[in-house]
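Here's the letter readout for the chains.
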Amino acid sequence: MVNVIVFAPSPDQLGYIGDLLRKMQTDEVRIDAIHHFGSPEILNHLNHYDVIIARGITYRMLCGLYPGKHITHLGFDGTDILSALLECRESFHPEKIGLCIHHEGLEAVLPGLSELCRAELKIYDVVDEESAYEAVEACRRDGMGAIVSGGTVSNICREQDFPCTYIHIRPATLERAIQEALNAARLINTERTKTNIIRMILDNSDDAVMAVDETGHILEANDQAYQLYGLAFIPGWRGGSVQRLDAGLTFIGNREEPCRDGEEKLVTIGSQKYYVRYKLISGEDSGVGTLITTSAASKILQEERQIRKSLVRKGPTAKYTFRSIIAVNPEMRKKVEIAKKFSRADSDVLITGETGTGKELFAHSIHSASGRMSQPFVAINCATLPENLLESELFGYEPGSFSGASREGRMGLFELAHRGTIFLDEIGEIPVALQAKLLRVLQEKEIRRIGSASVIPIDVRVIAATNVNIREQIALGKFRSDLLYRLNALEISIPPLRERPDDVIPLMEGQLRILAAGLGKQVPQLTPEAQELLCGYAWPGNVRELRNICERLVVLSDAADVTVKDLNELHSFSGVPGSPVLVPPVPSPPPPSLSPGKTKQEIARELGVSRTTLWRMSKRQEGLK
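Predicted model only: the values in this text are computed from it and were never measured. (Residues numbered from 1 in each chain as written. Predicted model: local features only at pLDDT ≥ 70, side-chain atom pairs only at ≥ 80, totals over all residues. Heavy atoms only, no water.)

## Regarding the nonpolar core
Here is the rule we go by: What is meant by a nonpolar core is a set of buried Ala, Val, Leu, Ile, Met, Phe, Trp, Tyr and Cys residues, joined one to another through side-chain atoms within 4.5 Å. With a 1.4 Å probe rolled over the protein chains alone, any residue whose accessible area is under 20% of its type maximum counts as buried; one over 50% counts as exposed, and the rest are partly exposed. We count a stretch as a helix when DSSP gives it H or I for four or more residues in a row; a strand needs E for two or more, and each element gets its number in order from the N terminus. Working rule for contacts: check all heavy atoms of both residues, and any pair within 4.5 Å makes them a contact.
Core analysis: the biggest nonpolar cluster contains 29 residues, and Leu394, Phe414, Ile422, Leu424, Ile427, Leu438 and Leu487 have the highest contact counts within it. Secondary-structure elements contributing two or more residues to this core are β15 (377-381), α13 (387-395), α14 (413-416), β18 (421-425), α15 (432-444), β21 (461-466) and α17 (481-487). At five residues, the largest contribution of residues to this core is made by α15. Those residues in contact with Leu394, other than ones at most four positions away along the chain, are Ile380, Gly412, Leu413, Phe414, Ile422, Leu424 and Leu434.

In structure tokens, the structure reads:
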């Protein structure tokens, strides 16, 4: 229930206002109407009213007393003033009329009003009760024959027997102001209901939830937060700093130690550990605060299995993070750092690189580190489907829209990826006709299912990948340049494995550990000679080829060490142009600076490098001769 009170401008209008309010009153709104003169005590006892309707001095007094309330001004307009002036001229025939109201820019129309009522007009500004008495006295002193005014001045004139005409408000103006106030009352009622619902939701949460503003001052807290942080024993906690509750807490706008939207931290409260999650509370133009949710760590651990199952049921998710990327090579490490920066943005990304370099791994990792990490990650290889099937996969279709279509229709991958990320692998293989439709989807952020006349808005980040030279495809007319410029807002190129030989052994060792663990076998160890040969291989199939070799080694070999002979028996390195021949190396004499008689292992140990690095140094030295 919302309570409204109307201050009638004059006693004779109380009856009309009462009839009007009885027609407008509903179960949601209760309305009272009163009239007063002067500054009665009642003005200080209106806290239980949500909306107040008043005019003139009363309106301005109430605005000062209740700055947080919705107060509707019951103002008169030029027509009301002119009607009162003409009535004054008709009743008192004055040569000079004092217009005692808050002038609000009336000086500009004063000559016109004076001509219409055939009297000299002068405005006396009235803003409060004191200025009302002063205005009447000034009119008497200036020889005004009569006064036109609002209620307060009219009452003073009546007491002092000074000719005065009261400015009446037309019924239409009165009804319009009351209707505006009732609309505000209904809006207040709606917002109050929403607040109560939110409060019920917060209080029914098992977690402690607090909302703080951009400066970290507490706006609201649910019952669980009240208990966990002992708010009953902290006077003035509402409006106080959240860090006053616990030094481990922070907020997104903190200048010294800010948190990121969606970030989770582990804190200790008392003797128990808790997970604290931070979520940005957004306004229309910018962030306005932080929602802080605190959960017992023990509860999180207990629910981990259920969470994993729910994520699987929820739909496609990213499987890899940046921790999954093994990079020792400086250039590759630089690419990883660039990709991490890309993850903080929300722009579309184009990843280029040869087949098997790990483009999909980068796509998964960018999504996993982005603000969309908790939303779907949907991947599709555009080269594996013909044009008609690719379109239906991407955009979905309505029931019976083509031969063989499901009777229930189907959601497309863009819809499935809503609020998340879609990974379009081999984007260069999309037919030109479909590229135009894809471009429209990216520009308009809406899709149209096949066979549908309506559009569906979507919020999807696109990460695309290709192993072909897109710019060459554009020159050949096989790819749209405008689609490229839409996709490559952020672009990253993954170097092939042959350009980063120092990544070969870490990648091999990592894959061998994973595969051996899966088969319950001992992890094979690469001999120094085998490492040297693998580092010198061209790897035309990149990391994908490397993984295949590791799988064969684990499956076929039962030996603890992987030798050159084991690698030769795989037959994976023969017949590849530019590849080294895998035969045991012929020992070469050490460089002149190396002490004769020492083994390479001893020399490497003295230099603080690996045998592989020493081998490369030796080869480089030989090339300089």
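## Side note on the sheet that holds strand β3 (residues 51-54)
Heads up, the condition is: Being paired, for any two strands, means DSSP has found at least two bridges between them. The axes are straight lines fitted to the C-alpha atoms, using for helices just the contacting stretch, and the angles between their N-to-C directions are given from 0 to 180°.
Within the open sheet, the four strands sit side by side as β2-β1-β3-β4. Their pairing is parallel. Every interior strand has two partners, whereas the edge strands, β2 (29-34) and β4 (70-73), have only one. Averaged over all pairs of adjacent strands, the angle between strand axes in this sheet comes to 15°, irrespective of strand direction. With six bridges joining them, strand β1 (residues 2-7) and β2 adopt parallel strand pairing. Paired with Phe7 across the strands is Ile34, a residue of β2. The sheet contacts of helix α1 (residues 14-24) involve β1 and β2, and relative to β2 the element is tilted by about 175°. The sheet contacts of helix α2 (residues 56-65) involve β1, β3 and β4, and relative to β4 the element is tilted by about 160°.

## Digging into the sheet that holds strand β6 (residues 120-125)
Here we have four strands laid out as an open sheet, ordered β6-β5-β7-β8, and parallel in their pairing. In this open sheet, the two edge strands, each paired with only one partner strand, are β6 and β8 (164-166). The average undirected angle you get between the axes of adjacent strands in this sheet is 25°. Against the sheet, helix α5 (residues 129-141) engages β5 (96-101), β6 and β7 (146-149), with an angle of about 150° to β6.

## Details of helix α3 (residues 78-92)
The cut-off we apply is this: Helix span, expected: 1.5 Å multiplied by one less than the number of residues in the helix. For this quantity, the arc is that covered by the directions from the helix axis to the C-beta atoms.
Here α3 spans 21 Å end to end across 15 residues, near enough to the 21 Å set by a 1.5 Å rise per residue. Along α3, the residues that are buried comprise Asp80, Ile81, Ala84, Leu85 and Cys88. Angular distribution of buried residues about the axis of α3 spans 135°; they occupy a single face of the element. One or two residues past the end of α3 sits His93, with phi positive at roughly 50°.

## Regarding the pattern of salt bridges
Spelled out, the test is: Salt bridge criterion: a side-chain nitrogen from Lys or Arg within 4 Å of a carboxyl oxygen from Asp or Glu.
A complete count under the given rule lists 22 salt bridges for this structure. Note that Glu331 and Lys334 form a salt bridge whose closest N and O atoms lie 3.8 Å from each other. Of the two residues, Glu331 and Lys334 both sit in helix α11 (residues 330-344), three residues apart, roughly one turn of that helix. The class for Glu331 is partly exposed, based on a relative accessible area of 35%. Using a relative accessible area of 48% as the deciding quantity, one classes Lys334 as partly exposed.

## Structural notes on the packing of aromatic side chains
Short version of the rule: Classification of ring pairs uses Phe, Tyr and Trp, with its six-membered ring standing for Trp, and accepts pairs whose centres are within 6.5 Å; under 30 degrees between planes counts as stacked, over 60 as edge-to-face, and the remaining range as tilted.
Under the defined criterion, the tally for this structure stands at four aromatic pairs. Taking 5.9 Å as the distance between ring centres and 25° as the angle between the ring planes, the aromatic pair formed by Phe395 and Phe414 counts as stacked. Here Phe395 is found in helix α13, whereas its partner Phe414 is found in helix α14, with 19 residues between them in sequence. Grouping residues by exposure puts Phe395 and Phe414 together as buried.

## Examining unusual backbone geometry
One non-glycine residue with positive phi stands out, namely His93, at about 50°. Tracing the backbone shows His93 in the loop between α3 and β5. Look at Glu426: it is not a glycine, yet its phi comes out positive at around 55°. Within the fold, Glu426 resides in the loop between β18 and α15.

## Description of the confidence of the model for the chain
Heads up, the condition is: Known as pLDDT, the predictor's confidence for each residue is given on a scale from 0 to 100.
The share of residues in the chain with pLDDT of 70 or more is 83%, and the mean pLDDT across the chain is 81. Across residues 619-625, confidence stays below pLDDT 50; counting only partners more than four residues off in sequence or on other chains, it has two contacts.

## Concerning the packing of helix α18 (residues 504-519) against helix α19 (residues 528-535)
We count it as follows: By the definition used in this description, the sense in which the near helix is turned from the far one sets the handedness, with an anticlockwise turn below a right angle giving left-handed and a clockwise turn giving right-handed. Classification used: nonpolar for Ala, Val, Leu, Ile, Met, Phe, Trp, Tyr, Cys and Pro, charged for Asp, Glu, Lys and Arg, polar for all others including Gly.
One can describe the packing of α18 onto α19 by two numbers: an axis separation of 9 Å at closest approach and a directional angle of 115°. Our pair here, α18 against α19, has a crossing hand that is right-handed. Contacts from Val504, Ile505, Met508 and Glu509 in α18 reach Gln531, Leu534 and Cys535 in α19. A per-class count over the contact of α18 with α19 returns five nonpolar, one polar and one charged.

## Points about the packing of α18 against helix α20 (residues 542-556)
We count it as follows: Each angle receives one of four descriptions, namely roughly parallel if under 35 degrees, roughly antiparallel if over 145, roughly perpendicular if within 65 to 115, and oblique otherwise.
Running from N to C, α18 and α20 point in directions that differ by 45°, and their axes come no closer than 9 Å. Comparing their axes, α20 and α18 come out oblique. Where α18 crosses over α20, the handedness of that crossing is right-handed. Contacts between α18 and α20 pair Val504, Leu507, Met508, Gln511, Leu512, Leu515, Ala516 and Leu519 from the former with Val543, Leu546, Arg547, Cys550, Glu551, Leu553, Val554 and Val555 from the latter.

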